[in-house]
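In case you want the letters, here they are:
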Amino acid sequence: MLDVSELTAAVERFADRLRAAPQSRLQRGAAAGALALARDLSARAQRIEAPGAQPAIMPDAGVFAVADQLVVACNDLAEVLRTAPAAASPDRVRDEALAAVRRTAAEAGL
């Protein structure tokens with residue numbers, strides 16, 4: 001079983017910072033970046049679960065919900081990666097997702 005604890009921990013830290021951020025900071029781009037990340041993580045999970053199908057796009061539920069959307073998307077991806085066949089390259093997907101989380105958190109400046 002693939003270890004995804006580093007990925008989920010990084011997302012939890014970023015989500016906690018988003019929850020603690022003032023509305024003005026969220027509106028200046030932190031929430032948009034986090035939503036884009038949540039959508040990316042969600043799409044990654046869907047592409048593994050249903051190869052060839054068009055991934056559904058996570059809706060924008062607002063700046064105050066984006067942290068929870070991010071955690072849900074990450075947890076979905078983590079579960080898919082734990083059970084993914086080797087042909088789906090779960091190690092690579094996990095590593096790319098972790099890099100995206102770190103990059104987005106750094107860009108948000110939180």
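Just above sits the structure.
Concerning the environment of A97
Within the secondary structure layout, A97 lies in helix α4 (residues 90-108). A relative accessible area of 0% places A97 in the buried class. Along the primary structure A97 and L7 are separated by 90 residues, whereas in three dimensions their C-alpha atoms are 7.4 Å apart.

A word on the packing of helix α2 (residues 23-49) against α4
Here α2 crosses α4 at 175°, and the two axes come no closer than 9 Å. Judged by the angle between their axes, α2 and α4 are roughly antiparallel. Along its contact with α2, which presents R25, A30, G33, A34, L37, D40, L41, R44 and I48, the element α4 presents V93, E96, A97, A100, V101, T104 and A108. Residues of the contact of α2 with α4, tallied by class, amount to 10 nonpolar, two polar and four charged.

The rules behind the values
- Residues numbered from 1 in each chain as written.
- Predicted model: local features only at pLDDT ≥ 70, side-chain atom pairs only at ≥ 80, totals over all residues.
- Heavy atoms only, no water.
- Helix = DSSP H or I, 4+ residues; strand = E, 2+ residues; numbered from the N terminus.
- Buried < 20%, exposed > 50% of the residue type's maximum accessible area, 1.4 Å probe, protein only.
- Axes fitted to C-alpha atoms, helices over the stretch in contact; angles between N-to-C directions.
- Parallel < 35°, antiparallel > 145°, perpendicular 65-115°, else oblique.
- Contact = heavy atoms within 4.5 Å.
- Nonpolar A, V, L, I, M, F, W, Y, C, P; charged D, E, K, R; others polar.

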